[in-house]
Amino acid sequence: MAAPKPAGRRWLIEGRVQGVGFRAHARRHAQALGLVGSARNLPDGRVEVIAHGMPSALDELQVALARGPALGRVDAIADQPLPHDAGARGFALG
């Protein structure tokens, strides 16, 4: 059986997700899981999170994103796979 390969994923999170520390929440969890990527507020009130790393870590990040920070509220979360970006470094907030 082949070992899992790094992957990428993009999430769009809806709810009370801006102004409540959601991006910092995403970065804290992503970094703890060894993921790289970014989190940014979108003009329509959603947050976009992109992360790259091992599939199991991406799954764990999705659970954390669905919970959100204490002051936030997640109403919906959509995800889509992305090609792994081997050149991605760190976790940026936009």
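Up top you'll find the structure we're talking about.
All values derive from a computational prediction rather than experimental measurement.

Participant: Residues and numbers for the overall build of the chain, please.
Facilitator: Along the chain, the regular secondary structure elements total two helices and five strands. Against the 2.2 N^0.38 benchmark of 12 Å for 94 residues, the chain shows a C-alpha radius of gyration of 13 Å, consistent with a compact globule. Summed over its atoms, the accessible surface of the chain is roughly 5300 Å², and 54% of this surface lies on carbon and sulfur atoms. Charge centroids of the chain, computed over 12 positive and 8 negative side chains, lie 5 Å from each other.

Participant: I'd like a rundown of the sheet that holds strand 3 (residues 47–53), residues and numbers included.
Facilitator: For sheets, the rule is that strands pair by backbone hydrogen bonds, running either parallel or antiparallel. Reading across from one edge, 4-1-3-2-5 is the order of the five strands in this open sheet, with mixed pairing throughout. The open sheet has two edge strands, strand 4 (73–82) and strand 5 (91–93), and neither has a second partner. Neighbour to neighbour, the strand axes of the sheet diverge by 15 degrees on average, direction disregarded. As defined by bridge partners, strand 2 (residues 36–41) adjoins strand 5 across three bridges and the pair is classed as parallel. Bridged to glycine 37 within strand 5 is phenylalanine 91.

Participant: So, the packing of helix 1 (residues 22–32) against helix 2 (residues 55–67): which residues are in play, and what are the values?
Facilitator: Between helix 1 and helix 2, the least distance of the axes is 10 Å, while the angle of their chain directions is 155 degrees. Between helix 1 and helix 2, the interaxial angle falls into the category roughly antiparallel. In the crossing of helix 1 with helix 2, the sense of the turn from one axis to the other is right-handed. The segment helix 1 lies against helix 2, with Phe22, His25, Ala26, His29 and Ala30 engaging Leu61, Ala64, Leu65 and Arg67. Split by residue class, the contact of helix 1 with helix 2 holds six nonpolar, two polar and one charged.

Participant: Give a detailed account of the pattern of salt bridges, specifying residues and quantitative values.
Facilitator: Here the structure, examined in full by the defined rule, presents five salt bridges. Residue arginine 9 pairs with aspartate 59 through a salt bridge whose shortest N-O separation is 2.9 Å. Within this pair, whereas arginine 9 is found in strand 1 (residues 7–16), its partner aspartate 59 is found in helix 2, the two being separated by 50 residues in sequence. With relative accessibility at 14%, the residue arginine 9 sits in the buried group. On the accessibility criterion, aspartate 59 (41% relative accessible area) is partly exposed. Arginine 73 is the salt-bridge partner of aspartate 75, the closest N and O atoms lying 2.8 Å from each other. On the accessibility criterion, aspartate 75 (52% relative accessible area) is exposed. Overlapping salt bridges bring together Arg10, Arg40 and Glu48 as one network.

Reading the values: rules and limits
Residues numbered from 1 in each chain as written. Predicted model: local features only at pLDDT ≥ 70, side-chain atom pairs only at ≥ 80, totals over all residues. Heavy atoms only, no water. Helix = DSSP H or I, 4+ residues; strand = E, 2+ residues; numbered from the N terminus. Rg over C-alpha atoms; globule rule 2.2 N^0.38 Å. Areas by Shrake-Rupley, 256 points an atom, 1.4 Å probe, with all protein chains shown as cover. Lys, Arg positive; Asp, Glu negative; His and termini not counted. Charge placed at Lys NZ, Arg CZ, Asp CG, Glu CD. Pairing = 2+ DSSP bridges. Axes fitted to C-alpha atoms, helices over the stretch in contact; angles between N-to-C directions. Parallel < 35°, antiparallel > 145°, perpendicular 65-115°, else oblique. Left-handed = near helix turned anticlockwise from the far one by under 90°. Contact = heavy atoms within 4.5 Å. Nonpolar A, V, L, I, M, F, W, Y, C, P; charged D, E, K, R; others polar. Salt bridge = Lys/Arg side-chain N within 4 Å of Asp/Glu carboxyl O. Buried < 20%, exposed > 50% of the residue type's maximum accessible area, 1.4 Å probe, protein only.

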